[in-house]
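Each chain is listed here by its residues.
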Amino acid sequence: MAVKLSDTVFDPWQEIANHQQAAGMAGKYGATAVFVGTMRDFNQGDAVSGMYLEHYPGMTEKQLMHIVEQATSQWLVLDTLVVHRVGRIEPNDSLVLVAVWSEHRGDAFDASRFIMENLKSRAPFWKRETLTNGEQRWVDKNSSGYKHQS
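Residues numbered from 1 in each chain as written. Predicted model: local features only at pLDDT ≥ 70, side-chain atom pairs only at ≥ 80, totals over all residues. Heavy atoms only, no water.

Q: Explain the overall build of the protein chain here, please?
A: Across its full length, the protein chain holds three helices and nine strands. Starting at the N terminus, the α and β elements of the protein chain follow one another as β-α-β-β-β-α-β-β-β-α-β-β. On C-alpha atoms alone, the protein chain measures out to a radius of gyration of 16 Å, which is about the 15 Å that the 2.2 N^0.38 rule sets for 150 residues. Its C-alpha atoms give the protein chain principal-axis dimensions of roughly 50 × 35 × 25 Å. Per-residue burial over the protein chain gives 42% buried out of 150 residues. Partitioning the contacts of the protein chain with sequence separation of at least 6, the portion at a separation of at least 24 is 75%. Accessible area of the protein chain: about 8,700 Å², with a carbon and sulfur share of 50%. Each charge class in the protein chain was averaged separately, 15 positive and 18 negative side chains, and the resulting centres sit 3 Å apart. (Helix = DSSP H or I, 4+ residues; strand = E, 2+ residues; numbered from the N terminus. Rg over C-alpha atoms; globule rule 2.2 N^0.38 Å. Buried < 20%, exposed > 50% of the residue type's maximum accessible area, 1.4 Å probe, protein only. Contact = heavy atoms within 4.5 Å. Areas by Shrake-Rupley, 256 points an atom, 1.4 Å probe, with all protein chains shown as cover. Lys, Arg positive; Asp, Glu negative; His and termini not counted. Charge placed at Lys NZ, Arg CZ, Asp CG, Glu CD.)

Set out below in structure tokens:
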């Protein structure tokens, strides 16, 4: 299990390949579920030119690891990788990577979804967006994960 925060641009596919190689998992898993979140250039009906993502060092990693541990206690997971950006982020940058390896797809899908949804609602991150007109605003809540929110 690995949790990483990155203040620089990362390639999610390279992160996955590096993790698989370092963990020596060849032949041990039958499924890998991957979620990659990318920064959009719009939010709440406005054009966005960038974002600054603040976190609480030490606490953020601990909370992310706790979420991963909860997932691995509920599903049969062989390994996990969570990489999350912090600091200045530009549209089209990879923002978050959640990868879960397991013997079977059901465990991989379910654990990956659990990690991502809990990361969005429980991890201590704060987003400050810069709109294209130069205005800055704090994002007060995360989306439901669907275009049409209830």
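Q: Help me out: how do you make sense of the side chain of Ser112 in this one?
A: Relative to the assigned elements, Ser112 resides in helix H3 (residues 105–122). Given the relative accessible area of 7%, Ser112 is considered buried. Setting aside residues no more than four positions away along its own chain, Ser112 makes contact with Ala33, Phe35, Val98 and Val100.

Q: Before we go on, may I ask you to explain the packing of aromatic side chains in this structure?
A: Each aromatic ring pair is summarised here by two numbers: the centre-to-centre distance and the angle between the ring planes. All told, the structure shown has one aromatic pair when counted by the stated rule. Consider the rings of Trp75 and Phe114, whose centres lie 5.5 Å apart with planes at 55°: the pair is tilted. Of this pair, Trp75 sits in the loop between helix H2 (59–74) and strand S5 (79–85) while Phe114 is found in helix H3, placing the two residues 39 residues apart along the sequence. (Phe/Tyr/Trp six-rings, centres within 6.5 Å; stacked < 30°, edge-to-face > 60°.)

Q: Got a minute to help me understand helix H1 (residues 12–23) in this structure?
A: Over its 12 residues, H1 extends 16 Å from the first C-alpha to the last, a length consistent with the 16 Å expected when each residue adds 1.5 Å. Among the residues making up H1, those that are buried are Pro12, Glu15, Ile16 and His19. One face of H1 carries all of its buried residues, which in axial projection span an arc of 100°. What points out from H1, more than 90 degrees from its buried face, is the exposed set Trp13 and Gln21. (Expected span 1.5 Å × (residues − 1). Arc of directions from axis to C-beta.)

Q: Would you explain the sheet that holds S5 in this entry?
A: By definition, the strands of a sheet pair up through backbone hydrogen bonds, in either a parallel or an antiparallel sense. The sheet built from four strands is open, its strands ordered S1-S5-S7-S2 with mixed pairing. Edge positions in the open sheet fall to strand S1 (2–6) and strand S2 (31–38), since each of these has one partner strand only. With strand direction ignored, the average angle separating the axes of adjacent strands in the sheet is 10°. Seen against the sheet, H2 touches S1 and S5 and runs at an angle of roughly 150° to S1. Of the strands in this sheet, S2, S5 and strand S7 (94–102) touch H3, which is tilted by about 150° from S7. (Pairing = 2+ DSSP bridges. Axes fitted to C-alpha atoms, helices over the stretch in contact; angles between N-to-C directions.)

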